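This is what each chain is made of:
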Amino acid sequence: MSRTEFTLHHGSDTIGGMIAEVRHGTHRVIFEMGAAYDPRTDPYSAGIQQRNASWLKDALRLGMVPPIDGIFPAAAIEGIDGLISAEESELETIVFITHLHLDHMAFMGAVHPDIPVYLSQNAQTIERALEDTGDGVPTFRDHYTAFTPGEAIRFGEIELLPLLSYDLAYGHSSCLITTPDGSVHWTGDLVMHRPEELPHRLKEIELLRERSIDVLICDCCEFMHADLVDEFRNEDGTLRATLDLPAGWKSEAQMERDRENWLLGATGLVAFNFYQREMAMAELLQELASRYGRTLVFEPDAAWIVHRYFDIAPTVYVPDSTRYAAEPKDPWFIELMDNCTEVTREEIEAAPSQYLLQVSYPNILELFDLPSAGGRFLQIFGIPIGDFDPAWSHLVRVVEQAGFEFVDIGHDMPAGHSSPGAVQYYVEGVAPNILIPAHSFNPERLEAPAGMTRLIPEHGQRFVLKDGQLTPIES
Ligand SMILES: [Zn+2]
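This one's a predicted model, so the numbers in the text were calculated from it and none came from an experiment. Here the residue numbering is sequential within each chain, running from 1 through the sequence in written order. A pLDDT threshold of at least 70 governs which residues receive local features in this predicted model, and a stricter bar of 80 or more applies before side-chain atom pairs are shown or counted, although totals over entire chains, interfaces and linings include all residues.

Asks: How should the overall build of the chain be read in this particular structure?
Replies: Secondary structure elements follow DSSP: runs of H or I of four or more residues count as helices, runs of E of two or more count as strands, with numbering from the N terminus. When you go through the chain residue by residue, the secondary structure sums to 13 helices and 21 strands. Considered along the principal axes of its C-alpha atoms, the chain spans approximately 75 × 55 × 35 Å. Whether a residue is buried, exposed or partly exposed follows from its count of other C-beta atoms within 10 Å of its own C-beta, namely 20 or more, 12 or fewer, or something in between, respectively; the C-beta atoms are built from the backbone. Looking at the chain as a whole, 42% of its 475 residues qualify as buried. Excluding contacts between residues fewer than 6 apart, the proportion of contacts in the chain whose partners are at least 24 apart in sequence is 67%. C-beta atoms are first placed from the backbone for all residues, and any pair lying within 7 Å is then listed as a contact.

Right under this line is the structure:
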């Protein structure tokens, strides 16, 4: 008889890197294929080159991706002992990706091309543009499968229901997986203070509560900040369930006013560094540029994504880089230059206050040859994202040496994910039987409210799901 098994392969005590599965009989849904985000333990961020043919084997050996049976191509894992390849496996598998952040999808390309990987259509457009420029994830695949939020995907006796949680740009979805034995919900990134997200999450809470789900895997990223958790503690040590923002966090209205200040009063060139797959931010920058009568200018790599995503002809500045000078030119570069307006350094020098110009971290030395009088540099969540990354000090030093004012937008904004109070609000609203805190350095700080069981599984530990309980399988 078929039973339902649950395994959390990775991601209970890291920022992202979530990979989990629900199996019923011979059918299996894997959700997320992310890499944990931590430049301190990532050998590639310290200059070691990723190898060409052996990248997956290396990722397995380095523990960056867990040894999951039945999903990797045999040829790519030859020599890794004890791991069953996709070709050898008797399981049928599908993979679901909630959104296009590397901590959720960096290893989706490692999945055998015959196994469907569900990725939203917009995310596919961006990933393909990234692949064109060589910035896609390493991959054995040339296709992904689109899905429609709200429409269930049936697979054997498993139902996978993607729920839209954020509807700007490529969107984010959570996923509810139901089998004849029970249900598991994964929140994906939970960011309830985002006005584009809150209404979706309130609907989600209602739906999950109605369905009396068994297992909730909940993002509690911000619980890594002990002070922030304490801010929401009641006298008896329990957490206050509230959507009120923590003391230091800004409201959306305040952030809106802050965004005005990004350009307000700037008398010279304004340069910026952003996470260039974020098309919602590209749109916001366009809106600001128009409001202040500036021309928004991208570097070629980001311009290519903008061109493919919005189907527009962006304005492009080509930095002094071997990447763009090399001959013969890449096909994407040729097509971009045929479909954009180019702006030269001379034109920027002649009227610096007319431009809002992307200068990414790899090209940061470009600032030395750009007009700095009254110049400002906006650090808008581009890599490096914080001073825990050694690259941060290089960024700040060059910006200042080049004579630009360094403005860190990121530090003015909420860190990103839901506050401890909002997580508690979500958990109490959903009221699952079992709570699995995840996507955090400190999952143990999210305790189960009365009537709920909390579980922090060991990576790779298998459980049977039945009658609302997860029972470990002795290996
Ligand atoms: Zn994440």
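Asks: So what exactly am I meant to see when it comes to the nonpolar core here?
Replies: Most often, soluble globular proteins keep nonpolar side chains buried together rather than apart. What makes a nonpolar core is a set of buried Ala, Val, Leu, Ile, Met, Phe, Trp, Tyr and Cys residues, with links drawn between C-beta atoms within 7 Å. Counting 118 residues, the largest nonpolar core has Val 95, Val 215 and Cys 218 as its most contacted members. Residue contributions to this core peak at six residues, all from helix H13 (residues 420–430). Where each domain starts and ends follows an automatic or database-derived domain assignment. If you count residues domain by domain, this core takes at least three from each of domain 1 (4–228 + 416–472) and domain 2 (252–412). Setting aside chain neighbours within four positions, we find Cys 218 in contact with Thr 187, Leu 190, Val 423, Tyr 426, Val 427, Leu 435, Ile 436, Pro 437 and Ala 438.

Asks: Please clarify how helix H3 (residues 121–132) should be interpreted in this entry.
Replies: Every α-helix carries 3.6 residues per turn, so stepping three or four residues along brings you back to the same face. One less than the residue count of a helix, multiplied by 1.5 Å, gives the span that helix is expected to have. Over its twelve residues, H3 extends 17 Å from the first C-alpha to the last, a length consistent with the 16 Å expected when each residue adds 1.5 Å. Lining the buried residues of H3 we find helix H7 (279–291) and helix H8 (300–310). Gly 134 occupies a position one or two residues after H3 and carries a positive phi of about 85 degrees.

Asks: Would you mind going over the sheet that holds strand S4 (residues 92–96) with me for this structure?
Replies: Two pairing modes exist for strands in a sheet, parallel and antiparallel, and in both the strands are linked by backbone hydrogen bonds. In space, the seven strands of this open sheet follow the order S5-S4-S3-S2-S1-S20-S21, with mixed pairing throughout. The sheet is open, and its two borders are formed by strand S5 (117–118) and strand S21 (469–472), each paired with just one other strand. We call two strands paired when DSSP finds no fewer than two bridges between them.

Asks: Looking at this structure, I do not really get the domain arrangement of the chain. What am I missing?
Replies: How big an interface is tends to be expressed through the accessible area that disappears when the partners come together. Segmenting the chain into domains produces domain 1 (4–228 + 416–472) and domain 2 (252–412). A C-alpha centroid distance of 32 Å is found between domain 1 and domain 2. Contact residues are listed per partner, giving 13 residues for domain 1 and twelve residues for domain 2. Residues are grouped as follows: nonpolar covers Ala, Val, Leu, Ile, Met, Phe, Trp, Tyr, Cys and Pro; charged covers Asp, Glu, Lys and Arg; every other residue, Gly included, is treated as polar. Here the side of domain 1 that touches domain 2 is composed, by residue class, of nine nonpolar, two polar and two charged.

Asks: Can you help me understand unusual backbone geometry in this one?
Replies: Excluding glycine, residues mostly have negative phi values, and the peptide bonds linking residues are mostly trans. With an omega of -5 degrees, the peptide bond between Glu 327 and Pro 328 qualifies as cis. With respect to the helices and strands, the residue Pro 328 is situated in the loop between helix H9 (322–325) and helix H10 (331–338). The omega torsion of the bond from Ile 383 to Pro 384 falls at 5 degrees, within 30 degrees of zero and hence cis. Looking at the element boundaries, Pro 384 is found in the loop between strand S16 (376–380) and helix H12 (391–401). Unlike most non-glycine residues, Asp 467 shows phi in positive territory, near 50 degrees. Structurally, Asp 467 can be placed in the loop between strand S20 (462–466) and S21.

Asks: I would appreciate a short explanation of the pairing of S20 in the present structure.
Replies: Remember that side chains alternate between the two faces of the sheet whenever the strand is regular. Here four bridges tie strand S1 (residues 4–10) to S20, and the two strands are oriented antiparallel to one another. Directly across from Thr 4, in S20, lies its bridge partner Leu 465. Judged from the four bridges that link them, S20 and S21 form a sheet pairing that is antiparallel. Counterpart to Leu 465 in the pairing with S21 is Leu 470. Count of turn residues in the S20/S21 antiparallel hairpin: two residues, of which Asp 467 carries a positive phi of about 50 degrees.

Asks: Looking at this structure, how should I read the packing of H3 against H8?
Replies: When two helices pack together, their arrangement is given by the angle between their axes and by how far apart the axes lie. Note on geometry: axes are C-alpha line fits, over the in-contact stretch for helices, and angles between N-to-C directions span 0 to 180 degrees. Where H3 meets H8, the axes come as close as 9 Å, and the angle between the chain directions of the two elements is 145 degrees. Handedness of the crossing formed by H3 with H8: right-handed. Of the residues in H8, those in contact with Thr 125, Ile 126, Ala 129, Leu 130 and Asp 132 of H3 are Trp 304, Ile 305, Arg 308 and Tyr 309. Class assignment of the residues belonging to the contact of H3 with H8 gives a composition of six nonpolar, one polar and two charged. Rotating anticlockwise by less than a right angle from the far helix to the near helix defines a left-handed crossing, while the corresponding clockwise rotation defines a right-handed one.

Asks: Can you help me understand the packing of H8 against H10 in this one?
Replies: Their axes nearest at 10 Å, the elements H8 and H10 cross at an angle of 70 degrees. Judged by the angle between their axes, H8 and H10 are roughly perpendicular. Residues Pro 300, Ala 303, Trp 304 and His 307 of H8 form the contact with H10, whose own contacting residues are Trp 332, Phe 333 and Leu 336. When the residues that make up the contact of H8 with H10 are grouped by side-chain class, the tally is six nonpolar, one polar and no charged. Just so you know how the angles are binned, under 35 degrees is roughly parallel, over 145 roughly antiparallel, 65 to 115 roughly perpendicular, and the rest oblique.

Asks: Is there a simple way to explain the sheet that holds strand S15 (residues 355–358) in this structure?
Replies: What the seven strands build is an open sheet, ordered S14-S13-S12-S15-S11-S16-S17; its pairing is parallel. Two strands close off the open sheet at either side, each with one partner strand: strand S14 (341–342) and strand S17 (405–408). For S16 and S17, the ladder comprises four bridges, and the chain directions are parallel. Residue pairing for S17: Arg 376 is matched across the bridge by Glu 405.

Asks: Teacher, can you tell me more about the environment of Met 108 here?
Replies: Relative to the helices and strands, Met 108 is located in the loop between helix H2 (102–105) and S5. Expressed as a C-alpha distance, the spacing of Met 108 and Arg 445, which sit 337 residues apart in the sequence, is 30 Å. Once residues within four sequence positions are removed from consideration, Met 108 is found in contact with Met 33, Val 95, Ile 97, Val 117 and Val 137.

Asks: How should I be thinking about the environment of Ser 372 in this particular structure?
Replies: Residue placement: Ser 372 occurs in the loop between S15 and S16. Considering only alpha carbons, one finds Ser 372 and Cys 340, 32 residues apart in sequence, at a separation of 26 Å. The contact partners of Ser 372, leaving out residues within four places of it in the chain, are Ala 402, Gly 403 and Phe 404.

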